[in-house]
Amino acid sequence: MIKEIHQKLVSQELSIEDLVTTYNDKIKERNHELNAFLSVNEGVILEEEIKNAKTVLQDNPNELLAGIPIAVKDNMLVKGLKATAASKILENYIAVEDATVIQKLKKRGAIILGKTNLDEFAMGSSTEHSVFGPTHNPYNLDLVPGGSSGGSAAVVAADLAMVALGSDTGGSIRQPASFCGVVGFKPSYGAVSRYGLLALSSSLDQIGPMTKNVSDCKIIFEAIAGKDDKDATTVSLEKNNSSKELKSLKIGLPKEYFVEGLDSEIKTQIDLLIQKIKSTGATVEEVSLPLTSLALPCYYIIMPAEASSNLGRYDGIRYANPNGFNKGENLLDYYLRNKGNGFGKESQRRILLGTYVLSAGYYDTYYKKALQIQEAIRQDFNKVFEQVDYLITPTTPTAAFPIGAKSNDPLSMYLADIFTVSANLAGVPAINLNLGLNKAGLPLGVQLIGKRYQDFSLLDFSEQIEKLIQS
Amino acid sequence: MLDKKEINHLAELARLNLTETENEALQKDLSGILDYVNQLAEAKIESLPESLIGLNQNQVRLDTEPVVDDSLADSMIEHFPQKDGRSLKIPPVF
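Given the structure is predicted, the values throughout are model-derived calculations rather than measurements.

**Focus: the overall build of chain A**
Here is step 1 of the chain: What chain A contains, in helices and strands, is 15 helices and 11 strands.
Here is step 2 of the chain: Computed over the C-alpha atoms, the radius of gyration of chain A is 21 Å, within 12% of the 23 Å expected from 2.2 N^0.38 for a compact globule of 471 residues.
Here is step 3 of the chain: Structurally, chain A occupies a C-alpha span of about 75 × 60 × 45 Å along its principal axes.
Here is step 4 of the chain: The buried share of chain A, reckoned over its 471 residues, is 58%.
Here is step 5 of the chain: The long-range share in chain A, meaning contacts at least 24 apart out of those at least 6 apart in sequence, stands at 76%.

**What about the interface of chain B and chain A?**
Here is step 1 of the chain: Each partner contributes to the interface: chain B provides 38 residues, whereas chain A provides 50 residues.
Here is step 2 of the chain: Elements that contribute at least two residues to the side of chain B that touches chain A include exactly helix H1 (4-13), helix H2 (20-42) and helix H3 (71-78) of chain B.
Here is step 3 of the chain: Residues that form the side of chain B that touches chain A fall into these classes: 25 nonpolar, 9 polar and 4 charged.

**Observations regarding the pairing of strand E4 (residues 163-168) of chain A**
All names here are of chain A.
Here is step 1 of the chain: Most of E4 is tucked away: 6 of the 6 residues are buried.
Here is step 2 of the chain: Where burial is concerned, the two faces of E4 agree: the one with Val163, Leu165 and Ser167 and the one with Ala164, Gly166 and Asp168 are both buried.
Here is step 3 of the chain: Pairing between strand E2 (residues 69-73) and E4: 3 bridges, direction parallel. Paired with valine 72 across the strands is leucine 165, a residue of E4.
Here is step 4 of the chain: Both E4 and strand E6 (residues 206-211) contribute to a ladder of 5 bridges, which runs antiparallel. Considered in E6, the bridge of leucine 165 is made with proline 209.

**Some details on the pairing of strand E11 (residues 443-449) of chain A**
All names here are of chain A.
Here is step 1 of the chain: Counting buried positions along E11 yields 7 of 7 residues, so the element is predominantly enclosed.
Here is step 2 of the chain: Of the two faces of E11, both are covered, the one formed by Pro443, Gly445, Gln447 and Ile449 as well as the one formed by Leu444, Val446 and Leu448.
Here is step 3 of the chain: In this sheet, E11 lies alongside strand E9 (residues 390-394) in antiparallel orientation, the contact comprising 4 bridges. The residue of E11 that forms the bridge with leucine 391 is isoleucine 449.
Here is step 4 of the chain: In the sheet, strand E10 (residues 430-437) pairs with E11 via 7 bridges, with the strands oriented antiparallel. Bridge assignment links asparagine 434 to a residue of E11, and that residue is glycine 445.
Here is step 5 of the chain: Here E10 hands over to E11 after 5 residues, with glycine 441 in that stretch at a positive phi of 80 degrees.

**Some remarks on the sheet that holds strand E5 (residues 183-186) of chain A**
Residue and element names in this part refer to chain A.
Here is step 1 of the chain: What the 11 strands build is an open sheet, ordered E1-E3-E2-E4-E6-E5-E10-E11-E9-E7-E8; its pairing is mixed. Edge positions in the sheet fall to strand E1 (37-40) and strand E8 (283-287), since each of these pairs with one other strand and no more. Adjacent strand axes in the sheet meet at a mean angle of 30 degrees, parallel and antiparallel pairs treated alike.

**Description of helix H1 (residues 2-10) of chain A**
All names here are of chain A.
Here is step 1 of the chain: Within the sequence span of H1, burial applies to Ile2, His6 and Leu9. An end-on view of H1 places all buried positions within 60 degrees of arc, on one side of the element. Exposed and facing more than 90 degrees away from the buried side of H1 are Glu4 and Gln7.
Here is step 2 of the chain: Elements that come into contact with the buried residues of H1 comprise helix H2 (16-34), helix H3 (43-59) and helix H7 (214-224).

**Observations concerning the domain arrangement of chain A**
All names here are of chain A.
Here is step 1 of the chain: What the domain assignment reports for chain A is domain 1 (2-224) and domain 2 (248-294 + 366-470).
Here is step 2 of the chain: Spacing between the C-alpha centres of domain 1 and domain 2 amounts to 24 Å.
Here is step 3 of the chain: Facing the 39 residues of domain 1 at the interface are 36 residues of domain 2.
Here is step 4 of the chain: Within the residue set of the side of domain 1 that touches domain 2, elements represented by two or more residues are helix H6 (174-180), E5 and H7.

**Let's talk about H7(A)**
Residues and elements named next belong to chain A.
Here is step 1 of the chain: Of all 11 residues in H7, 9 are buried; the element is thus mostly enclosed.
Here is step 2 of the chain: Against the buried residues of H7 lie H1, helix H4 (100-107), E4, E5, E6 and helix H15 (455-470).
Here is step 3 of the chain: Backbone geometry just downstream of H7 places glycine 226 in the positive-phi region, at approximately 130 degrees.

Definitions and limits used
- Each residue is numbered by its place in its chain's sequence as written, counting from 1.
- Following the order in which they are written, the chains are lettered starting with A and the ligands numbered starting with 1.
- Selection of residues for local features in this predicted model requires a pLDDT of at least 70, selection of side-chain atom pairs for listing and counting requires 80 or more, and totals for whole chains, interfaces and linings are taken over all residues.
- Going along the chain from the N terminus, every DSSP run of H or I of four or more residues is numbered as a helix, and every run of E of two or more is numbered as a strand.
- It is over C-alpha atoms that the radius of gyration is taken, and the globule rule equals 2.2 Å times the number of residues to the power 0.38.
- To sort residues by burial, count the other C-beta atoms lying within 10 Å of each one's C-beta; a count of 20 or more means buried, 12 or fewer means exposed, and anything in between means partly exposed. C-beta atoms are built from the backbone.
- Contacts are defined on C-beta atoms placed from the backbone: any two residues whose C-beta positions lie within 7 Å are in contact.
- Residue classes follow a fixed rule: Ala, Val, Leu, Ile, Met, Phe, Trp, Tyr, Cys and Pro count as nonpolar, while Asp, Glu, Lys and Arg count as charged, and any other residue, Gly among them, counts as polar.
- Two strands form a pair only when DSSP identifies at least two bridges running between them.
- Lines are fitted to the C-alpha atoms to define the axes, a helix being fitted only along its stretch in contact, and any angle between axes, read from their N-to-C directions, falls within 0 to 180 degrees.
- Relevant arc is that of directions from the helix axis to the C-beta atoms, nothing else.
- Note that domain bounds follow an automatic or database assignment of domains.

If you want it as C-alpha cells, here you go:
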C-alpha cells in the first residue's frame, strides 16, 4: 500500500493534497458511525504538514513516508492537537510538543490525519471505556473493535487512514488488530521510544504500527524504532541482514495456548496455516510455556501497581480543570475534591487495585511475587527460544464480541488478553496477522512471537507467513 | 471480600473521592479481581528467581545539553488555566 501510493506521488499521478482530501472525505463519510477518530487534523497545522511533506519528497524522491496519512492513538502527543487519552480529565488538553515517534514520522514527511479513540488511559480491551463513547467494529457495528487501540484498528480496517500507531501494554495493539482484521505489531520492550506517550504501565508499554499488511508495518517500524535519549529503556536494534528461508526454520506451538475455551474456528484456521507451513519443509513442534496460566494474574498485579503511580499526576493541580479549582479545607480535602472527579470506572478499579497490592502488608504477597513470576516467565521464553526460532499462537480466544457484553464484568473483559500479556511480561516482540474471516464474517487472528530485539527478523518471518495465509 | 471501610481506606490513600454507589460496585469488582490474582499467591513454584534485575540494564547519559530555550515552558504556561505572568495560580493548601 505505502509503496504503491508512494509511486503515484512520485510520478505525480496523485498529489499529496488530493490524497489527504480523499482520506478526510472518507472520515467525514464514515466516522459518525464508527466513532473511531476523536479529532481530525485541520487548518494551519495540516497545511504545514502538507508543505513539509512536499519538501521532503522533493529533496528525497525515495522517501516512502512523504505524504503518507497516519492516524495516531489519542494517548500520544502531537504538537498543537488535543491529547485526551479518552479521559474527561484531559478533555481540553493540547499537546505542547511532539512525541519522539511523531517527530520521527514528521521528519520523514508523514501527515498526521487525526487522533483515534481508546479506552481511557489505554485501560481496557474493547474501547468501551472511553469518555467519548465506544468505537464500533467496521465489520459489524454492533461489535467492539477490541482495545485499547480500538480506534486505530478500526480506521485502518475501514481505510479511514493508511496506517496508524497504537500502544500495547498487555495486548492493546494485537487484540484490536485481530478483531478488525489488520496487522498489529508490538515491538520488543525498548525498541521504540515512549517519550510523549501517556504512561500506563511503564515497564510494559510499547508503541507499534497497525497496518493493512506486513510491508507497511516494516516501513513504519523502521521509521519509529531506535535509541532515544528521552527514553532510557531504548536501544538501537540491529537490522536483519540474512532473512532465513521458511524451510530452514523451527516453529513452536506452545501447548498452553491451544486449550479449552479457544474458539473452534480459530483453531481450525491455525491448523490449516500449520499444514501450509509444514508443506514448505519447515519444522513445527509442540513446545511448553508452563507458566502461561499465571501470566494474566501476574499482569493484573504489575500493571495496576504501575498505573496507580502513573495516574497520580492527574491530581487536580497539574493538568488542572480549566473551570478552576474546588477549594479544600486542607491538603487531603483539596485532593479529594479535585483529583478523581474525572476518572472513569475502569481507572478507579485499577488505581485502587494498584494501591491495594502496593500497600504495607500486601507488597510481598502480591507485588514481589508477581515480579518473581514475571522473571520466571521471561526465563521460560528464553528456554523455549533455545529450541525453536518463532512461536505461533492464537491472538485472542474468540472473535470480536458485542458492545456491552463484558463492559460490566471486568474479569471477563480481562480474559480477552489472555494470549497477549505474556509477550509484554517477557519483553518479546509479537505481531497479529489476519487469518481470514469466520462463518459470521468476522476476522480471526494469529499471533507470531519472536526473540527479544529480533524485531526485524520477526517481521521478515511474518511477511513469509502472510504470503502463506493468502496462498 | 473487601468491605466498605477497606475501600474507603484505599480511596483515601489514592486520594479518590467515591460515591456510595461507586464504593459498593468496587467492593464487588475488586474482590472478584483479587480472588483471580490470588492464584499467584497460591502458586507452588519451585525455585522462584530471587534476582529481579528486570528487563533492562540501567542506562545513564551525560547532561550535556541543558535546556536553553524557554519556548516549551512558555507554551506549557500558556495552557495552564489560571496564571499571573509566568507564575501558575493554585488555591492555597496550607
